[in-house]
Amino acid sequence: MARNFTENRTRNALIVIVVVGLCSFFYLLGAWQRSGSGGGDRIQNWVNEQTKCAQLPNLNFETHHRASDLPNDTGTSKIKPFEPCDEQYTDYTPCEEQKRAMTFPRDNMIYRERHCPPEKEKLYCLIPAPNGYVAPFRWPKSRDFVPYANVPHKSLTVEKAIQNWVHYEGNVFRFPGGGTQFPQGADTYIDQLASVIPIAEGKVRTALDTGCGVASLGAYLLKKNVLTMSFAPRDNHEAQVQFALERGVPAYIGVLGSIKLPFPSRVFDMAHCSRCLIPWSGNNGMYMMEVDRVLRPGGYWVLSGPPIGWKIHYKGWQRTKEDLRNEQRKIEQFAELLCWKKISEKDGIAIWRKRLNYKSCSMKQDNSKIDKCELATDNDVWYKKMEVCITPLPEVNSVSEVAGGQLEPFPKRLNAVPPRIALGSVPDLSVQSYEDDNKLWQKHVKAYKKINNLLDTGRYRNIMDMNAGLGSFAAALESPKLWVMNVIPTIANTSTLGVIYERGLIGMYHDWCEGFSTYPRTYDLIHSNAIFSLYQNNCKFEDILLEMDRILRPEGAVIIRDKVDALVKVEKIANAMRWKTRLADHENGPHVPEKILFAVKQYWATGNKSS
């Protein structure tokens with residue numbers, strides 16, 4: 001026992017000596033490094049350079065308006081650089097290609113709907129800009145003028161010459177603000193609507209323009225602080241939607257055909273059709289029922305052109321009085337079945353208002369001739385067939401209550417608690433989580449502006465948020481200088497697009513494994529939050545990044561926020577696409593696993609003028 005006691009004392013003394021020695025060594029090492037004589041600073045600088053997260057070099061976010069050759073140095077030896085596509089793909093829209101469209105049935109405009117290429121037909125090359133491409137004019141000049149080189153198609157200037165849509169003048173297109181139904185200009189037409197609809201009071205903020213042409217209505221409604229989602233098919237009127245987006249006006253390629261519109265129910269304050277060639281009286285009222293689905297309770301539907309005003313204009317339309325009378329009668333019958341109240345018909349413009357709730361019109365909708373839609377959720381619309389049925393409204397307690405909740409006028413509604421949140425309609429979201437999300441994105445956007453100080457200067461007009469959440473990124477940026485297309489991925493765990501619209505913002509559903517419904521080079525800045533983590537098991541990163549490159553303008557900017565392991569892969573692919581990139585730390589410091597990748601798409605164009 002005495003020997004064991006002596007051995008334990010010796011062992012303990014040795015441990016104490018070792019610990020004291022190590023502490024002394026590390027103390028002296030730390031003092032040496034802090035003194036400036038040691039190599040700690042050099043080690044830290046080396047690590048920072050390797051991770052590229054300590055400093056952000058000055059990426060050039062300005063436009064240069066000139067062509068340059070593709071750089072040879074891609075910054076990575078692991079991924080082969082993507083080559084430019086042939087110049088025939090300058091206007092490539094993968095899911096709306098004419099050749100593929102013509103293989104589908106023409107009934108119900110099926111051939112004009114989305115038909116995406118199979119995996120073996122996808123392009124793995126970079127879509128070129130046309131020769132001479134330049135940065136668009138800044139808003140509001142872009143509303144009226146578009147460089148010819150950017151959209152070198154003159155067909156609309158011939159087909160719509162007498163309707164005041166667009167004129168070709170030298171090296172630019174000029175948009176005088178006219179339309180088929182408003183040759184005297186959109187301002188005059190909007191004033192007619194505003195005499196009936198409270199457009200200037202902030203009660204109408206979001207609008208849907210079906211068959212929009214070059215979106216002059218949406219362009220001029222912006223003066224009234226109304227944000228319009230315009231759409232038109234890619235048809236023989238070439239480049240309608242491309243012109244709209246080049247002007248700086250929200251638009252997408254789409255059609256009322258056989259599938260539902262990519263929006264949740266009850267989101268638009270107003271829907272509009274000005275000679276949009278949609279057969280409203282056909283298909284047992286199915287198209288009017290789809291408009292009813294997306295129209296907010298108390299919202300307005302505007303129809304101008306045939307058959308409205310047929311008594312005066314039937315000769316010019318080259319149709320018989322009886323034909324036009326019967327068409328309008330059917331429209332009136334469907335509107336009555338939907339409980340829409342006609343509030344005006346004058347000068348070839350008819351305006352209806354949707355009911356506030358089910359109680360205000362229950363007897364007519366109990367009619368056995370019409371079915372109520374059976375929806376899993378009112379957000380289940382992606383590639384879902386349109387049906388001849390009426391979408392039910394949320395329950396109310398009184399005939400005067402607005403189904404789904406009353407909205408504040410804009411701009412107050414931008415940051416007010418949306419009814420879908422206040423009423424608990426969105427799973428796992430509360431008033432507190434909504435307010436926290438607002439504060440978080442205000443912080444994020446403030447940090448973005450430190451890196452890209454052109455973010456809210458008007459340099460970026462068309463902005464896309466690929467995974468918009470509650471729309472707080474767009475809300476933090478809200479300005480007349482820009483607009484944001486808020487996209488909710490179809491695979492997102494929670495659908496929040498209805499909340500985004502209740503804030504007075506716009507957006508749509510989309511699956512990022514497919515091409516977006518827009519022309520190339522239509523967005524100035526793309527923001528992506530956790531998209532690659534979301535889609536990592538669904539499709540290849542290359543597919544998503546090449547689509548981003550397709551829809552981004554030359555010298556456009558990208559902000560990608562994601563986990564660092566995803567961003568390492570993304571950056572390698574981005575460098576292979578000739579983007580200039582740099583990783584930056586999260587605002588809260590380098591220890592946060594979420595990072596931000598800033599990038600700029602380089603300018604390059606085809607060598608020969610596009611046909």
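Residues numbered from 1 in each chain as written. Predicted model: local features only at pLDDT ≥ 70, side-chain atom pairs only at ≥ 80, totals over all residues. Heavy atoms only, no water.

If you check an unreviewed UniProt entry, the protein chain appears there as Methyltransferase from Urochloa decumbens.

Enquirer: Please give an account of the pairing of strand β7 (residues 268–274) that cites residues and values.
Expert: In terms of burial, β7 is largely enclosed, as seven of its seven residues are buried. Pairing of strand β4 (residues 206–210) with β7, which is carried by three bridges, proceeds in the parallel orientation. Considered in β7, the bridge of Ala207 is made with Met270. Between the parallel pair β7 and strand β8 (residues 295–304), the chain is carried across by helix α9 (residues 286–294), and the sense of this crossover is right-handed. (Buried < 20%, exposed > 50% of the residue type's maximum accessible area, 1.4 Å probe, protein only. Helix = DSSP H or I, 4+ residues; strand = E, 2+ residues; numbered from the N terminus. Pairing = 2+ DSSP bridges. Right-handed = clockwise from strand over helix to strand, strands pointing away.)

Enquirer: Before we move on, can you summarise the pairing of strand β5 (residues 227–232) with the specific residues and values?
Expert: Successive side chains on a regular strand alternate, one facing one side of the sheet and the next facing the other. Across the six residues that make up β5, a large majority, six, are buried. Residues of β5 alternate between two faces, with Leu227, Met229 and Phe231 on one and Thr228, Ser230 and Ala232 on the opposite face, all of them buried. Across five bridges, the pairing between β4 and β5 is parallel. Paired with Ala207 across the bridge in β5 is Thr228. For the segment spanning β4, helix α7 (residues 216–221) and β5, crossover handedness is right-handed.

Enquirer: Explain the state of the cysteines to me, and be specific about the residues and the numbers.
Expert: Under the counting rule described, the total for this entry stands at six disulfides. Two residues share a disulfide in this structure: Cys339 and Cys361, whose sulfurs sit 1.7 Å from each other. The sign of the S-S torsion, about -80°, decides the handedness of the disulfide formed by Cys339 and Cys361: left-handed. Taken as a pair, Cys339 in the loop between α11 (321–337) and β9 (341–346) and Cys361 in the loop between β10 (349–353) and α12 (362–365) lie far apart in primary sequence, 22 residues in all. For the residue pair Cys339 and Cys361, the accessibility class agrees, reading buried in each case. Note that Cys373 is cross-linked by a disulfide to Cys389, the S-S spacing being 2.0 Å. Taking the sign of the S-S torsion, 100° for the link of Cys373 and Cys389, the bridge is right-handed. (Disulfide = S-S within 2.5 Å.)

Enquirer: So what about the sheet that holds strand β16 (residues 523–529)? Which residues, and what values?
Expert: Two pairing modes exist for strands in a sheet, parallel and antiparallel, and in both the strands are linked by backbone hydrogen bonds. In spatial order, the strands read β15-β14-β13-β16-β17-β19-β18; together these seven strands make up an open sheet with mixed pairing. Only two strands of the sheet have a single partner each, and these edge strands are β15 (506–510) and β18 (579–584). Recorded for the sheet is a direction-independent mean angle of 20° between the axes of neighbouring strands. Of the pairings in the sheet, the one linking strand β13 (residues 462–465) to β16 comprises three bridges and is parallel in character. Within β16, the residue paired with Ile463 across the bridge is Leu525. (Axes fitted to C-alpha atoms, helices over the stretch in contact; angles between N-to-C directions.)

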